Amino acid sequence: MNYEYSWRVKLVIGVFAIVGLAIPAQILRIQNSPEADKILDQSNNYNWEVRTLYPARGLIYDRNGRLLAGNEIVYEVGVDISRVANPHTVALTLSVTLDLDYNDIYNTLTNPEGQLYLVVDDFVPPGKVEELKQLQDELENQPSDWRAADRPSLEGLVFRPHFQRSYPEKSLGSNILGFVMHDGHGYFGVEAKYDEQLAGIPVTTLVPTDPNRAEDLPRIPDGATLILTIDRDIQAAVEEILDRSLLEHGAEAGSIVVMDPKTGEVLAMASAPRFDPNQYWTYDDHFNNASEFNRAISLPYEPGSVFKILTMSGALDSGTVTPSTPFLDTGVFLIGGVPVYNWDDAAWGYQDMTGCMQHSLNVCLAWVASQLGPQKFYSYARAFGIGNPTGIDLAGEAGGRLKVPGDADWYPVDLGTNAFGQGVAVTPIQMVMAASAIANDGRMAAPHVLYGMVQNGRQYNSPPRYLGTPISEATAHTMNEMLANSLENESSQALVTGYRLAGKTGTAQIPLPTGYYTNSITNTSFIGWGPVDDPRFVVYVWLERPTSSIWGSEVAAPVFAQVVEKLVVLMGIPPDSVRQALAGQ
Amino acid sequence: MDFVRNITQKTPWKTQQQLFGFVLVVLVFAAMIAGIYLNVTSRAAVLGREIQDLEAQITEAKRANADLTNQLGVLLSYQSMAARAEAMGFTLAAPEDIEYVTIPGYAAAEPVDLSEDRPNDQKNTLPDAYTQSLWEWFEVQLVTSGLSGGGGQ
């Protein structure tokens with residue numbers, strides 16, 4: 001009996017011993033086999049997955065911390081084809097809810113041809129996704145008798161959340177902000193100029209799928225947050241005034257820029273027409289070409305008489321004239337063999353330089369330019385930044401055109417016409433920058449819209465930059481006085497009770513495709529600043545092709561006054577008398 | 001050695017008993033090691049999964065936070081605020097409506113400062129226990145105990 005059991009026990013022990021030894025032997029064999037490295041590599045592939053982590057796009061705020069551009073959640077809706085229980089229900093539901101083609105979805109789900117995942121739609125709003133999720137839950141919780149082979153089911157639907165750019169203020173400041181398309185890139189404005197900083201740096205990393213190897217995902221910083229110099233309330237007020245003025249004066253388009261002349265900070269920049277960047281796909285409905293997106297920086301035009309402030313500044317600075325230099329206006333001035341006339345074709349008789357500016361006499365300014373000479377005239381124009389982009393931190397700035405002696409298309413008559421802003425192309429922002437030199441004691445501030453950038457919790461503010469001193473401080477003061485007196489003497493519609501302002505109107509003829517000018521269609525402009533003794537703002541108004549009147553003094557000047565009336569309230573600027581009394585205390 | 005030889009020659013059952021005992025001790029020891037190893041490994045796996053869940057929750061929370069910031073932006077937008085102010089009977093002030101008074105020490109509002117005082121996001125916040133192997137943990141414990149032991153009183 002014992003012997004009988006003995007051999008059985010030995011057999012079992014032997015079998016167990018062989019199996020027990022075979023397992024480690026096989027382990028050792030595999031580990032040392034030629035395929036060991038390959039197998040190890042394959043297993044490593046399943047231990048990790050390569051994942052690209054995209055930082056959230058940086059936010060954009062106005063100078064007072066109001067959100068101008070943020071991020072909102074939207075969803076990619078897809079189908080995990082292997083999990084689909086009822087292709088008909090899925091295709092039908094998606095076609096109805098998301099307005100997609102039933103056949104396309106159904107055919108892909110029933111004949112996937114190796115496809116595992118189908119993206120049916122992207123950038124789907126949360127409302128639609130909630131609707132689908134609710135329906136999915138309802139179908140999953142049907143009574144058990146519904147659980148037949150052809151039961152309705154939305155199994156397999158996958159919702160992947162991600163961000164899309166959102167502009168809470170809709171069209172407000174859209175010409176400054178630009179927009180972000182679904183490809184994640186910024187177009188126009190700040191979004192394009194600071195695209196890299198806003199987008200941040202995506203990080204591709206190996207993420208362990210093995211929970212034993214779980215570790216912190218790398219903390220990738222979000223894209224930089226931008227704080228703009230723009231004041232939302234001023235921007236809204238200026239846009240409202242611009243839109244109203246376009247209607248009131250029957251103008252085709254327009255632009256208003258408000259800048260702090262001491263720092264170059266752009267407080268508002270309105271351009272019309274504009275659009276809601278949340279619906280950027282309507283771009284073509286609003287703009288014929290890219291230069292219309294932000295007319296204030298991208299659309300050069302012949303500014304007309306507003307340019308006279310630069311001509312007169314150069315003449316005063318060089319000592320060519322003084323405010324009291326007399327001039328006999330005969331109504332015509334011959335320059336380069338071509339006669340130049342006044343805006344009303346009249347002769348204004350004896351005038352001094354203040355009178356020339358006050359009555360905006362082309363003949364006088366052409367004479368001043370001729371006295372200044374082409375070399376000095378164009379030298380001053382260049383010093384004021386005319387002919388070059390200002391370098392404002394917005395995408396798509398145009399440089400305008402300043403023909404100079406030596407250019408193939410420059411003629412001696414250009415000196416005379418350029419003196420009163422014809423034959424030279426500038427953008428509103430160029431004129432604002434040039435005027436800042438007159439308003440700011442001769443120092444010309446570089447216009448900019450970025451106040452600060454926040455990265456990794458730290459805010460870096462942009463200091464003001466100055467692009468030279470085209471004129472002396474004394475000249476700037478003289479010019480301020482001349483322009484303030486001009487406005488007061490002509491009882492301009494640009495005046496605002498309680499505030500002394502300096503400024504100049506502009507009415508520019510528009511060249512036809514033939515190259516000739518017409519008197520019936522004009523660009524009307526006004527540039528002004530104030531308060532004269534301590535300028536806090538420069539305002540540029542440009543209304544294109546108004547139909548109510550062709551004159552800047554009747555169209556643009558009152559718009560300037562409306563803007564200033566808003567500015568003094570929103571910026572907290574007391575009337576001159578109050579301010580001076582307070583300063584004297 | 002003679003003693004051992006004597007015992008084995010005289011009492012074979014004792015030899016078997018001792019062998020059995022030795023095997024049993026080895027088995028118990030191996031079982032203990034395996035048990036500890038399994039316990040630590042399973043706890044590490046559970047914690048690893050929790051980490052992955054927390055990572056997902058952080059991502060979700062950041063996304064929700066950004067979305068809420070945007071929703072707040074919509075609620076506080078100019079259009080929205082102007083409509084609410086108008087509904088409440090407020091009107092825009094004109095220059096002539098405003099009276100200026102001197103307030104000693106008053107400083108005009110400066111543009112916003114969005115600096116944050118927060119810990120460095122780049123720093124790995126995961127405790128070592130989540131990433132150490134058992135062997136590394138033993139090493140650390142040995143070094144730590146050695147250091148504290150050498151500190152003296």
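The present account deals with the structure reproduced in this document. (Residues numbered from 1 in each chain as written. Chains lettered and ligands numbered in written order. Predicted model: local features only at pLDDT ≥ 70, side-chain atom pairs only at ≥ 80, totals over all residues. Heavy atoms only, no water.)

Focus: the interface of chain B and chain A
Okay, step 1: Contacts between the two partners involve 43 residues from chain B and, on the opposite side, 55 residues from chain A.
Okay, step 2: Sorting the residues of chain B by area buried against chain A places Arg63, Tyr78 and Tyr100 of chain B first, and these three jointly supply 18% of that buried surface.
Okay, step 3: Seen at the junction of chain B and chain A, the total is 0 salt bridges.
Okay, step 4: Our count for the contact surface shared by chain B and chain A stands at 9 residue pairs in polar contact (both at pLDDT 80 or more). (Contact = heavy atoms within 4.5 Å. Buried area = accessible area lost by both parts, 1.4 Å probe. Salt bridge = Lys/Arg side-chain N within 4 Å of Asp/Glu carboxyl O. Polar contact = N/O pair within 3.5 Å; in protein donor to acceptor, adjacent residues only side chain to side chain.)

Re the sheet that holds strand β18 (residues 502-511) of chain A
Residue and element names in this part refer to chain A.
Okay, step 1: The sheet built from 5 strands is open, its strands ordered β11-β10-β20-β19-β18 with antiparallel pairing. Pairing within the sheet leaves two strands with one partner each, and these edge strands are β11 (266-272) and β18. Across the sheet, the axes of successive neighbouring strands diverge by a mean angle of 10°, strand direction being ignored.
Okay, step 2: By the bridge criterion, 8 bridges tie strand β19 (residues 517-530) to strand β20 (residues 537-544) in an arrangement that is antiparallel. Note on β20: the bridge partner recorded for Asn523 is Glu544.
Okay, step 3: Of the strands in this sheet, β10 (253-259), β11, β19 and β20 touch helix α17 (residues 428-439), which is tilted by about 150° from β20.
Okay, step 4: Across the sheet, helix α18 (residues 473-489) lies against β18 and β19, angled at about 80° from β18, the strand it touches most. (Pairing = 2+ DSSP bridges. Helix = DSSP H or I, 4+ residues; strand = E, 2+ residues; numbered from the N terminus. Axes fitted to C-alpha atoms, helices over the stretch in contact; angles between N-to-C directions.)

Here's the deal with the nonpolar core
All names here are of chain A.
Okay, step 1: Judged by nonpolar contacts, the single largest core of 96 residues is most densely connected at Leu228, Met269, Ile309, Met312 and Met353.
Okay, step 2: Sorting elements by how many residues they give to this core places α17 first, with 9 residues.
Okay, step 3: When near neighbours in sequence (up to four residues on either side) are disregarded, Met353 contacts Met312, Val321, Thr322, Pro323, Thr325, Phe327, Cys364, Trp367, Val368 and Met482.
Okay, step 4: Residues Leu246, Leu487, Ala494 and Phe537 belong to the second largest nonpolar core, which totals 34 residues. (Core = buried A, V, L, I, M, F, W, Y, C linked by side-chain atoms within 4.5 Å. Buried < 20%, exposed > 50% of the residue type's maximum accessible area, 1.4 Å probe, protein only.)

Observations regarding a nonpolar patch on the surface
Okay, step 1: On the surface, Leu19, Phe20, Phe22, Val23, Leu24, Val26, Leu27, Val28 and Met32 of chain B cluster together into a nonpolar patch covering about 900 Å² of accessible area.
Okay, step 2: Mapped onto the fold, Val23 of chain B is located in helix α2 (residues 12-75). (Patch = residues over 30% accessible without salt bridge, like charges linked within 9 Å, V, L, I, M, F, W, Y side chains within 5 Å. Areas by Shrake-Rupley, 256 points an atom, 1.4 Å probe, with all protein chains shown as cover.)

Notes on the side chain of Asn342 of chain A
All names here are of chain A.
Okay, step 1: Tracing the sequence through the fold places Asn342 in the loop between β14 (338-341) and β15 (349-351).
Okay, step 2: A polar contact of 3.0 Å, which involves the side chain of Asn342, links it to the backbone nitrogen of Asn362.
Okay, step 3: Polar contacts involving the side chain of Asn342 include one to the main-chain amide nitrogen of Val363, which spans 3.0 Å.
Okay, step 4: Every residue in contact with Asn342, bar those within four places of it in the chain, is listed here: Asp329, Gly331, Trp348, Leu361, Asn362 and Val363.

Some thoughts on the packing of helix α12 (residues 308-317) of chain A against helix α14 (residues 362-372) of chain A
Residue and element names in this part refer to chain A.
Okay, step 1: At a minimum axis distance of 10 Å, the contact between α12 and α14 shows a crossing angle of 40°. When the axes of α12 and α14 are compared, the pair comes out oblique. Relative to α14, α12 is oriented so that their crossing is left-handed. Facing α12, whose interface residues are Lys308, Thr311, Met312, Gly314 and Ala315, α14 presents Asn362, Leu365, Val368, Ala369 and Leu372. (Parallel < 35°, antiparallel > 145°, perpendicular 65-115°, else oblique. Left-handed = near helix turned anticlockwise from the far one by under 90°.)

Side note on the packing of aromatic side chains
The description of an aromatic ring pair rests on the distance of the ring centres and on the angle between the ring planes.
All names here are of chain A.
Okay, step 1: One pass over the full model with this rule turns up 24 aromatic pairs over all chains.
Okay, step 2: Measuring from ring centre to ring centre gives 6.0 Å for Phe179 and Tyr187, while their planes differ by 25°; the resulting arrangement is stacked.
Okay, step 3: Note on Phe179: relative accessible area 3%, which makes it buried.
Okay, step 4: Geometrically, the ring pair formed by Phe327 and Trp367 is tilted, given 5.0 Å between the ring centres and 35° between the ring planes. In this pair, Phe327 is assigned in strand β12 (residues 327-329) and Trp367 in helix α14, connecting sequence segments 40 residues apart.
Okay, step 5: Owing to a relative accessible area of 19%, Trp367 belongs among the buried residues under this scheme.
Okay, step 6: Within the aromatic cluster, the residues linked to one another by ring pairs are Phe179, Tyr187, Phe188, Phe275, Tyr280, Trp281, Tyr283, Phe287 and Phe293.
Okay, step 7: Its guanidinium or amino end placed over the ring of Tyr117, Arg160 lies 4.5 Å from that ring's centre, counting from NZ or CZ.
Okay, step 8: A cation sits over an aromatic face here: Arg443 above Tyr466, 3.8 Å from the ring centre. (Phe/Tyr/Trp six-rings, centres within 6.5 Å; stacked < 30°, edge-to-face > 60°. Lys NZ or Arg CZ within 6 Å of the ring centre and 35° of its normal.)

Quick word on the environment of Ala435 of chain A
Okay, step 1: Its place among the elements puts Ala435 of chain A in helix α17.
Okay, step 2: Here the alpha-carbon distance between Ala435 of chain A and Ile527 of chain A, two residues 92 residues apart in the chain, equals 7.9 Å.

A look at helix α16 (residues 412-419) of chain A
Residue and element names in this part refer to chain A.
Okay, step 1: Taking burial as the measure, the 8 residues of α16 include 7 buried ones, the bulk of the element.
Okay, step 2: Within α16, the full set of buried residues consists of Val413, Asp414, Leu415, Gly416, Thr417, Asn418 and Ala419.
Okay, step 3: In the core, the buried residues of α16 are packed alongside α12, β13 (332-335), β14, α14 and α15 (374-383).
Okay, step 4: Once α16 ends, the next one or two residues include Gly421, with phi positive near 80°.

Structural notes on the pattern of salt bridges
Okay, step 1: All told, the structure shown has 24 salt bridges over all chains when counted by the stated rule.
Okay, step 2: We note a salt bridge from Glu60 of chain B to Arg63 of chain B, for which the minimum N-O separation is 3.2 Å. Of this pair, Glu60 of chain B and Arg63 of chain B both sit in helix α2, 3 residues apart, which is roughly one turn of the helix.
Okay, step 3: A residue is classified by how much of its surface remains accessible, and Glu60 of chain B, at 41% relative accessible area, is partly exposed.
Okay, step 4: Exposure remark for Arg63 of chain B: the relative accessible area of 16% places this residue in the buried category.
Okay, step 5: Beyond isolated ion pairs, a larger network of salt bridges with shared partners links Asp62, Arg66, Glu169, Arg232 and Asp233 of chain A.

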